[in-house]
Amino acid sequence: MFQRIMAGFERIVILTGAGISAESGIDTFRAAGGLWEQHWVEDIATPEGFARDPDLVLGFYDMRRAALARAAPNPAHEALALLEREFSGDLLLVTQNVDDLHERGGSAQVLHMHGELKSALCTSCETRVRWDAPMLAKDGDRPPCPACCAVGLRPDVVWFGEMPYEMDRIYGALQTCDLFVSIGTSGVVYPAAGFVEEVRAAGAWCLELNLDPSDGLRCFHESRLGPASILVSQWIDEVLAH
Ligand code: OAD
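Now for a description of the structure that goes with this document.

Definitions and limits used
Residues numbered from 1 in each chain as written. Predicted model: local features only at pLDDT ≥ 70, side-chain atom pairs only at ≥ 80, totals over all residues. Heavy atoms only, no water. Phe/Tyr/Trp six-rings, centres within 6.5 Å; stacked < 30°, edge-to-face > 60°. Helix = DSSP H or I, 4+ residues; strand = E, 2+ residues; numbered from the N terminus. Core = buried A, V, L, I, M, F, W, Y, C linked by side-chain atoms within 4.5 Å. Buried < 20%, exposed > 50% of the residue type's maximum accessible area, 1.4 Å probe, protein only. Domains from an automatic or database assignment. Contact = heavy atoms within 4.5 Å. Pairing = 2+ DSSP bridges. Axes fitted to C-alpha atoms, helices over the stretch in contact; angles between N-to-C directions.

**Section: the packing of aromatic side chains**
Under the defined criterion, the tally for this structure stands at 7 aromatic pairs. Relative to tryptophan 36, the ring of phenylalanine 29 lies with its centre 5.0 Å away and its plane at 45°, an arrangement referred to as tilted. Ring geometry for phenylalanine 50 against tryptophan 159: centres 5.3 Å apart, planes inclined by 45°, an arrangement best described as tilted. Here phenylalanine 50 is found in helix α4 (residues 47-52), whereas its partner tryptophan 159 is found in the loop between β6 (153-157) and α8 (167-176), with 109 residues between them in sequence.

Okay, structure coming up:
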């Protein structure tokens, strides 16, 4: 596949997925032994699963929040933060990840389209609050909502069948960007999986940085395969060199 010199771009949209956090020790979803091999998606990532067995769902996200506390950002997260600081054009970083490794790596502006592990959503009053603690106590007790006191908090993550966050802002940026970069995502979950087709139709250059070719490979002008910790830093060095 031919490569373009990474110069002259003014509006960049970056989409990240679980692969960017893999080298930080966070499980991806679809790898052998990944989260969706260990758990039934229908049980723990749908509103129906939560209605059936809330304790199972809360326990699953408590486990992921605890794993996140043991993880640290890797050079790919840090390189994206450097790009945010140094790039003189418009940059939008959109992540499907619910971890906070972009922020801890130094990025200040991150759109979490699938929500965040460290946020809780009240099913009664719909308040979103920062949340670090377990949502299920050892004795099975559940904490009340700090705003309305109802006992009905759930993880503030987007489940299958729910609308991702910030879609208007994301589609607006996709329509006008001149470079779209997809990092560490298998490209199978919509709407994010469809971003590359949108931006390609709108005329942007499309670059993929991933360990394995994604489902959307044919839509990218250029695909670089390898670990994010190396590829992302290399690509950002190219962008900032011009
Ligand atoms: P997946 O698990 O589907 O895909 C992870 C991608 O990261 C794969 O294409 C891997 O090849 C790549 N990868 C793994 N290690 C990597 C590394 N070190 N460097 C670079 N790439 C690496 O995860 P996502 O595509 O993020 O949604 O999954 C999308 C959505 O599906 C998630 O946000 C989640 C899930 O169901 C919801 O829960 C709503």
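Here the narrative resumes.
**Details of the nonpolar core**
One finds Trp36, Tyr61 and Trp159 to be the most contacted residues of the largest nonpolar core, which totals 25 residues. When contributions to this core are tallied by element, the ones reaching two or more residues are α2 (35-38), α3 (41-44), α5 (54-69), β4 (115-122) and β6. Counting residues per element, this core draws most heavily on α5, at 5 residues. Looking at which domains feed residues into this core, each of domain 1 (1-26 + 74-114 + 164-242) and domain 2 (27-70 + 119-157) gives three or more. Those residues in contact with tryptophan 36 that sit more than four places away from it in its chain are Phe29, Arg30, Val41, Ile44, Ala45, Phe60 and Phe160. Grouped together as the second largest cluster of nonpolar side chains are 24 residues, Leu80, Phe87, Leu231 and Val232 included.

**Section: the sheet that holds strand β3 (residues 111-112)**
The strand order across the open sheet built from 6 strands is β3-β2-β1-β7-β8-β9, with neighbouring strands paired in parallel fashion. Only two strands of the sheet have a single neighbouring strand rather than two, namely β3 and β9 (222-225). Sheet topology places strand β1 (residues 11-16) next to strand β2 (residues 90-95); 6 bridges connect them, and they run parallel. If you follow threonine 16 over to β2, its bridge partner there is threonine 95.

**With respect to the sheet that holds β6**
With respect to topology, 3 strands assemble into an open sheet ordered β5-β4-β6, the strand pairing being antiparallel. Strands at the two margins of the open sheet, each flanked by one partner only, are β5 (128-130) and β6. On average, each strand axis in the sheet is inclined to that of its neighbour by 45°, with strand direction left out of account. Examined bridge by bridge, β4 and β5 share 3 bridges and lie antiparallel to one another. Within the sheet, the bridge partner assigned to leucine 121 lies in β5 and is arginine 128.

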